[in-house]
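Fold and contact review
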Amino acid sequence: MGDLDLATLSLRDANKRLHAVTHKSNDLAWQLTNPRGAHAIAAGLDAPLSLTIDGHVGFYCGGMNKQAEITIRGHAGPGVAENMMSGMVRVTGNASQSAGASGRGGLLVVEGDTSSRCGISMKGIDIVVGGSVGHMSAFMAQSGHLVVCGDAGANLGDSIYEAILFVRGKAESLGADCIEKEIRPEHTVVLTELLEKSGIDADPADFRRYGSARRLYNFNVDHADSY
Amino acid sequence: MCGIVGLFTKNPAFEDRLGDYLSSMLIEMSDRGPDSAGVAIYRNPTGKDGVKLSLFSADDDYPWRTLAKELGKELGDKISIEVRASHAILVVHEDFPVIQAWLRHHHSELKVMSAGNTIEIFKEKGLPKDVVERFNLRDLKGSHALGHTRMATESAVTTAHSHPFSTGLDLCLVHNGSLSNHNRLRQVLAREGIEFQTDNDTEVAAGYLAWRLREGASLDEALEAAIKDLDGFYTFAVGTRDGFAVLRDPIACKHAVLAETDDWVAMATEYRAIAVLPGAEKAKIWEPAPAQIYSWGRA
């Protein structure tokens, strides 16, 4: 196992060593200790490695991730897994705002709560949150899935496009053009699969689905107040 | 930008190292605020009839001892004085308005940074690590403290424009963000008799709280009202004699993180400032919700 200790190694050197890993590398299992809230830890990885970060991280951890499986044993600051392309990022604690922002693929699991703007502008990423999400989550979400096992804050899915939102608890309010939709069998299949993959114990039957009413796709003067 | 840090000790054993811990937190926030830094520390209560003043002079060789003698003679009182770089802490046995008027009349070159029973404020231009060294902040002991590192966006970089701003006896405010209705609000508050030393937006927020408290509101009520009356982006930390409170605006885009253990409660703009505290890795960590008041205090 590759060991990276930020108490003795600079953040830049630690990230360099992770960036040097390819699918042909012998050692694909890595561990990072003493993160102490540093920013951009393990951002821009592009190899099928697994990395465990033992402690709390700062901003943008696992940003732009491709292929790698990153587990953060602690709290994650703003923008965890932002713009993720593929792979998986797991946070065992809570996450700050903009978790999974504009992600294009892969799976982000937050076992605790996230604060505001979780999945803002998501473009294909799947996000599963064991707890609740803050206000303005899934704002302008374009595609992918957001699964919230707790409650959602105000203005969920404001100006949403084709992302699919599942909430088990209560949504405080829905944003412009976001509506509740029926859960069809194909949605249950996806939801069951996401809960299984994320290892979060919840009954798919307890969730409600939210998505776009598709009234804001093109400018319509009758909807001017909603833009 | 700007960085805020706050530390409240739950375990008295931590009081001896309050200044040391807060200094480390402050220095971690240097990237967010390299222009100036300041702290408000709550320590050495004066007792009921004493008032403690934090005074600032732009003159590094200011004759503080002479001032103490002069004031002592005037009041027939023994004034204790502790000088730290450009600031001096005076303990006086007289009502604050009387001393304030005397200082204004006889020593208009001095600025009162804070007044109360326990609060002391030290703030200066420069990098946080230099400010920490200059005031020797690491050796301060106390129950709780707030700090601020400033990257100025809306008014000048001077000592007076630095945070914390005192908001009345034993009250202070630090702020990350910017207010958009401060000019109008300053006029309104000035008509109510609130005085301002600078054109800084945070000072208006501080003055606003002072005004609400003067009108009889509790701190929580004053903060509730602030949510309605202050327009802009903010994460505030407010220091009181017994503890501190944290408030974010309803949009909550200015960062803030809270952490709590059995020994302490800390708030900071970024977690890395909290990471310097013993036991941080095992702390309960969460982000404060928008427009919600969080407060800690001693009963």
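One can find the structure itself at the top, above this paragraph.
Reading the values: the criteria
Residues numbered from 1 in each chain as written. Chains lettered and ligands numbered in written order. Predicted model: local features only at pLDDT ≥ 70, side-chain atom pairs only at ≥ 80, totals over all residues. Heavy atoms only, no water. Helix = DSSP H or I, 4+ residues; strand = E, 2+ residues; numbered from the N terminus. Rg over C-alpha atoms; globule rule 2.2 N^0.38 Å. Buried < 20%, exposed > 50% of the residue type's maximum accessible area, 1.4 Å probe, protein only. Contact = heavy atoms within 4.5 Å. Lys, Arg positive; Asp, Glu negative; His and termini not counted. Charge placed at Lys NZ, Arg CZ, Asp CG, Glu CD. Axes fitted to C-alpha atoms, helices over the stretch in contact; angles between N-to-C directions. Parallel < 35°, antiparallel > 145°, perpendicular 65-115°, else oblique. Left-handed = near helix turned anticlockwise from the far one by under 90°. Nonpolar A, V, L, I, M, F, W, Y, C, P; charged D, E, K, R; others polar.

1. Considering the overall build of chain A
In terms of helices and strands, chain A carries two helices and 11 strands. Along chain A, from the amino end to the carboxyl end, the secondary structure elements read β-α-β-β-β-β-β-β-β-β-β-α-β. Its C-alpha atoms give chain A a radius of gyration of 18 Å, within 12% of the compact-globule value 17 Å for 227 residues. Dimensions of chain A, computed from the C-alpha atoms along their principal axes, are close to 60 × 35 × 30 Å. When the 227 residues of chain A are sorted by exposure, 53% land in the buried category. Long-range pairs, those at least 24 residues apart, make up 26% of the contacts in chain A with a sequence separation of at least 6. Distance from the positive charge centre (20 side chains) to the negative charge centre (26 side chains) of chain A: 5 Å.

2. Some points on the packing of helix α2 (residues 64–75) of chain B against helix α3 (residues 96–106) of chain B
Residue and element names in this part refer to chain B. α3 packs onto α2 with a crossing angle of 125 degrees between their chain directions and a minimal axis gap of 12 Å. The orientation of α2 relative to α3 falls into the category oblique. Crossing geometry of α2 relative to α3 is assigned as right-handed. On the side of α2, the interface is formed by L67, E70, L71 and E74, while α3 contributes I99, W102, L103 and H106. Taken together, the residues that form the contact of α2 with α3 break down as five nonpolar, one polar and two charged.

3. Structural notes on the packing of helix α1 (residues 18–28) of chain B against helix α4 (residues 128–135) of chain B
Residues and elements named next belong to chain B. As a packed pair, α1 and α4 sit with axes 8 Å apart at the nearest point and diverge in direction by 155 degrees. In terms of orientation, α1 and α4 fall into the roughly antiparallel class. Contacts between α1 and α4 involve S23, L26 and I27 from the former and P128, K129 and V132 from the latter. Looking at the contact of α1 with α4 residue by residue, the class counts come to four nonpolar, one polar and one charged.

Interpretation in functional terms is not warranted from these geometric data alone.
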